[in-house]
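Geometric and topological summary
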Amino acid sequence: MSYYYYYPYVPRYYRQNEYPYPPVNIALFETSLSKYQQLIQHGNRLVTSLASSQDLMYQIMYSAQEGDRDTVDRIIREIGVPTEVNTTFTPTGVTFTLFEDAEGLPRCCTLTMNLRWG
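Residues numbered from 1 in each chain as written. Predicted model: local features only at pLDDT ≥ 70, side-chain atom pairs only at ≥ 80, totals over all residues. Heavy atoms only, no water.

1. With respect to the overall build of the chain
When its secondary structure is counted, the chain shows three helices and three strands. N-terminal to C-terminal, the α/β element order of the chain is α-α-α-β-β-β. Considering the chain as a whole, with its 118 residues, one finds that 27% of them fall into the buried category. Across the chain, the fraction of contacts at a sequence separation of at least 24, relative to all contacts at a separation of at least 6, is 42%. If you sum the accessible surface of the chain, you get close to 9400 Å²; carbon and sulfur atoms cover 54% of it. (Helix = DSSP H or I, 4+ residues; strand = E, 2+ residues; numbered from the N terminus. Buried < 20%, exposed > 50% of the residue type's maximum accessible area, 1.4 Å probe, protein only. Contact = heavy atoms within 4.5 Å. Areas by Shrake-Rupley, 256 points an atom, 1.4 Å probe, with all protein chains shown as cover.)

2. Description of the pattern of salt bridges
Throughout the structure, instances matching the rule amount to two salt bridges. Measuring nitrogen to oxygen at the nearest pair gives 3.0 Å for the salt bridge that ties Glu78 to Arg74. With Glu78 and Arg74 both in helix α3 (residues 69–79), this residue pair falls four residues apart, about one helical turn. Using a relative accessible area of 56% as the deciding quantity, one classes Glu78 as exposed. Among the salt bridges present, the one from Arg107 reaches Glu84, with a minimum N-O distance of 2.6 Å. (Salt bridge = Lys/Arg side-chain N within 4 Å of Asp/Glu carboxyl O.)

3. Topic: the sheet that holds strand β1 (residues 84–90)
Strand order in this open sheet of three strands is β1-β2-β3, and the pairing throughout is antiparallel. Two strands bound the open sheet, and with one partner strand each, they are β1 and β3 (105–116). On average, each strand axis in the sheet is inclined to that of its neighbour by 20°, with strand direction left out of account. Bridging between β1 and strand β2 (residues 93–102) involves seven bridges; their strand directions are antiparallel. Of the residues in β2, the one forming a bridge with Thr90 is Gly93. Sitting on the sheet, α3 touches β1 and β2, and the angle it makes with β1 is about 135°. (Pairing = 2+ DSSP bridges. Axes fitted to C-alpha atoms, helices over the stretch in contact; angles between N-to-C directions.)

4. Some remarks on the packing of helix α1 (residues 27–51) against helix α2 (residues 54–66)
Orientation of α1 relative to α2, taken along the N-to-C sense of each, is 100°, at an axis distance of 6 Å. Taken together, α1 and α2 sit at an angle that is classed as roughly perpendicular. Across the interface between the two elements, Ser49, Leu50 and Ala51 of α1 pack against Leu56, Met57 and Ile60 of α2. Considering only residue class, the contact of α1 with α2 consists of five nonpolar, one polar and no charged. (Parallel < 35°, antiparallel > 145°, perpendicular 65-115°, else oblique. Nonpolar A, V, L, I, M, F, W, Y, C, P; charged D, E, K, R; others polar.)

5. Let's talk about the layout of surface pockets
In this structure, the largest pocket spans a volume of roughly 190 Å³. If you go around the largest pocket, the residues you meet are Val47, Leu50, Ala51, Met57, Ile60, Met61, Val94, Phe96, Leu115, Arg116 and Trp117. Across the lining of the largest pocket, the residue classes break down as ten nonpolar, no polar and one charged. (1 Å grid on protein atoms, 1.4 Å probe; cavity = no way out; pocket = protein on both sides within 12 Å on 5 of 7 lines; lining within 4 Å. Points joined across faces, edges and corners; volume = space filled by probe spheres on them.)

Fair warning: the whole summary comes from geometry, so function is off the table for now.
Right, here's the structure in full:
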């Protein structure tokens, strides 16, 4: 026969001067969220442009098979996404990574989209 003892959780309440962490400041988090909303819009623009044009899909896949990174980057720039887009590809897919800067915080936000094509 074994005995189990229940020890109730008793929260520790800190007084203001005993709290071990710095005060919460949401300003940077708020900026990041705002910039990320923009990134999502830019990512949507990229995906929508590619999905609506079989010619663009073909050009990107063909250039990637040839290993022609310059042409792939040119096609992405011509779509008109206003943020930096880093494109990597393999025989099975493509990855688009979009970056956004905030004041005083370069590359505060990153949106990575992995798409299969093979």
